[in-house]
Amino acid sequence: MLRFFVALLAAKLAKLAITILKPITHSEGSHFPGQLALKLCPDFLARAARPELVIAVTGTNGKTTLSNMLSDGFQHAGYRVISNRWGSNMEPGVASILAENSTLSNRSRAQVAVIEVDEKSSKRIYSRITPDYLVCTQFTRDSMMRNAHPYYIFDFVNENLPDGVKMILNADDLISSSLKKDNPRTYYSIARQPFDVLKNSMVNDAQVCPVCNNHLTYDYTRYDHIGHAHCDKCGFTSPEADYLLTDIDYENRIIRINCKGKVLEFNMVSDGIFNTYDQLAAISLFMEYGIDVEKIQNAFSSIQVVGSRYLTDTIDGVEFTSNMTKSLIAPACSAIFDYITSRPKEKEIVIFIEDPHTIDNNAYMYETDFEYFNNPSINKIIIVGKRPQEFYLRFLFAGVPEEKMVQVGSIEEIDKHLSYKRGTAIYFLYDNYQVATNIRAREIVKKALEGGAAHD
Amino acid sequence: MINIEVLYPEVANLYGDAFNPQVLYRSYPDLIKITETHLNEKPAFVSGDADFVFMGAMPEKYQELAINLLGKYRDSFSDYVESGRPALFTGNAFEIMGDYIETDLGERIETLGIYHGYAKRDMVNRYNSMYHGVFVDESFSGGEMQIVGFKSQFTKLYGVSNDAHLFRTIKERDAENSSVDEGVRVNNFMGTYLNGPLLIMNPAFARYILHLLGIEDPHVIYEDVMEYAHKKRLEDALNPNTSFAV
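Overview of the structure. If you're wondering where the values come from, they're calculated on a predicted model, not measured in any experiment.

Conventions adopted
Residues numbered from 1 in each chain as written. Chains lettered and ligands numbered in written order. Predicted model: local features only at pLDDT ≥ 70, side-chain atom pairs only at ≥ 80, totals over all residues. Heavy atoms only, no water. Pairing = 2+ DSSP bridges. Helix = DSSP H or I, 4+ residues; strand = E, 2+ residues; numbered from the N terminus. Axes fitted to C-alpha atoms, helices over the stretch in contact; angles between N-to-C directions. Contact = heavy atoms within 4.5 Å. Buried area = accessible area lost by both parts, 1.4 Å probe. Salt bridge = Lys/Arg side-chain N within 4 Å of Asp/Glu carboxyl O.

### Some details on the sheet that holds strand 11 (residues 168-171) of chain B
All names here are of chain B.
And then number 1: Pairing in this open sheet of three strands is antiparallel, and the strands run 9-8-11 from one edge to the other. A strand with exactly one partner marks an edge of an open sheet, and here the two such strands are strand 9 (144-153) and strand 11. For this sheet, the mean angle separating the axes of adjacent strands, direction not counted, is 40°.
And then number 2: The sheet contact formed by strand 8 (residues 127-136) and strand 9 spans ten bridges and is antiparallel. Directly across from asparagine 128, in strand 9, lies its bridge partner serine 152.
And then number 3: Each of strand 8 and strand 9 is contacted by helix 6 (residues 203-212), which is oriented at about 105° to strand 9, the strand it contacts most.
And then number 4: Sitting on the sheet, helix 7 (residues 223-238) is in contact with strand 8 and strand 9, with an inclination near 75° to strand 9.

In structure tokens form, the structure reads like this:
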């Protein structure tokens, strides 16, 4: 026990040092205090004081957005909340927030902990902390090098999550909705919408009936295997939702949810389908926990989705938008490509989604729907990077005409290839390793437009 | 029409492997067709309707299902291989044709015994590596064909005799793996862990497959671009400063 208190004190001092030095280091150092605590006391997580309510958030995409919504929502409702939203979703990050929010006598200052849990950290975290709730966004393809495939991740989480944890699950995902079959569970789902079709995606990881191995029939898919399916042979169907989002009113920015028979309205935080699922998951959790409906509605009047991944400006009639795109992850890329290419206006695309510092396995490109770029509204694709020929080849296979494509070695070369035609749009698709390159790209375009480059 | 049969595409579709038969088809769309055999369907190779059989990587739980379903047709597939007709199984797909798969718990999953060798799973440690090797078939390339690609796997192959490998390894991530040749070959049944996808990254090997399908003087679609991309990857592999850890 002494070891634990030494670790707790060390973590707090480390956090203090990081805070003092931040103006110099510009570093949050968010997981270092936790790393130190775990080094000194390997079962720190099991011993640290925990708030009354612990919510774990997991899934391939949307963990951070959902964690933020949950944290903000509970705060709006008057709870003291801790979360690792700004930090690591692995064991040191969780240890850091527990250390920071404990008193020196190991009492938690917070009432609620919202813990974003990386799927691969399930064993280390859940063996020491049993959450009250687990909210899962979905399991789709991720980095093949790290997470292999969704069934591997499913097994990882399923084997390590304790029995008895209350589950809040996505009924539109036939993989994650099967987690911990004997745990109490609540399902959320988005009902069929006017825009829903059966997408001809390259990837669908849940094509086989889990009961009879027959080929499933999908009524619609939104991305990957996320949608609604049934088996014509044995009658299996996607689970029925307790919280069913029935209407998305984009004009008035309202969503309507049938909450176990009662229809409630909430402000829509984002018009992206990914974020709508996250909002629905958050509302499901709040309702299940018993938060007053009015408080939830008020919370969603002011909650915003973190905008760091999408930035848009218009100068002299030319719109330019940056969209962070998680390279190496097929469904995430496909969803962004779908969204960007379906935007109105003629457009030019500048794509630089390689990690410049490593040798990338680009096999993911052949699971990604580059076919979206075979679109008459796209006038040009400028491919930037150290291996532009591989992207060029994939675009050729996708049906993009050769004459629409340019390969350049550096972002500095994009200016001469952009048309700057008024009424059109430029989209920058960049990986999170290319943040500085994106900033530079925007500077180049901004300078050109402010210098009068736009024309009719 | 040359019929490429793709087995169980609804599950054997990981890591871009499903694009391998597309390279062949799109190179000769007037001569080649692709047919898919789904789970619970009788494969085309049973009735002699397949000229090439392909299967890609799949989640481990579906390997056992594939073994159970294909087990009924094991003798037919053995005849297919004995006849010298070509097949390519990528990723963990070719493991189902060995002697057995050993799980993390030491349990044995009996497999179809088309080649001698076995796979051992380690679901905790994923092996990721760049790969450089050579392929030799005097009848076609007349010499060594440089092979580049990637490996991303939970299993390792053991017990394959030296003369039964598909590629001779030049380099992988670590010395131990660099000393072991890659994949399996029995007649024209070929199995390899390489992804990238394999035929996208190795247009010469794709031409070899087309040659096995009976196409004279074969060329692949977008050949110049594929060759250039291959050349750049080979430069990376030959650069002593390149880390093969991915």
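### Side note on the interface of chain B and chain A
And then number 1: If you look at the interface, chain B gives 42 residues, while chain A gives 32 residues.
And then number 2: Of the roughly 3,100 Å² buried between chain B and chain A, counting both surfaces, carbon and sulfur atoms make up 64%.
And then number 3: Summed over the three residues of chain B that lose the most area to chain A, namely Tyr15, Tyr222 and Arg233 of chain B, the buried surface amounts to 18% of that side.
And then number 4: Where chain B packs against chain A, one counts two salt bridges.

### So, the sheet that holds strand 13 (residues 318-324) of chain A
Residues and elements named next belong to chain A.
And then number 1: Strand order in this open sheet of six strands is 12-13-17-14-15-16, and the pairing throughout is mixed. Single-partner strands in this sheet number two, and they are strand 12 (310-315) and strand 16 (405-408). Across the sheet, the mean angle separating the axes of adjacent strands is 15° when strand polarity is ignored.
And then number 2: Bridging between strand 12 and strand 13 involves six bridges; their strand directions are antiparallel. When the sheet's bridge partners are listed, threonine 314 is paired in strand 13 with glutamate 319.
And then number 3: Most of the contacts of helix 12 (residues 388-397) go to strand 16, to which it runs at about 165°, and overall it touches strand 14 (347-352), strand 15 (378-384) and strand 16.
And then number 4: Its contacts with the sheet put helix 13 (residues 435-450) on strand 12, strand 13, strand 14 and strand 17 (425-430), and the angle it makes with strand 13 is roughly 180°.

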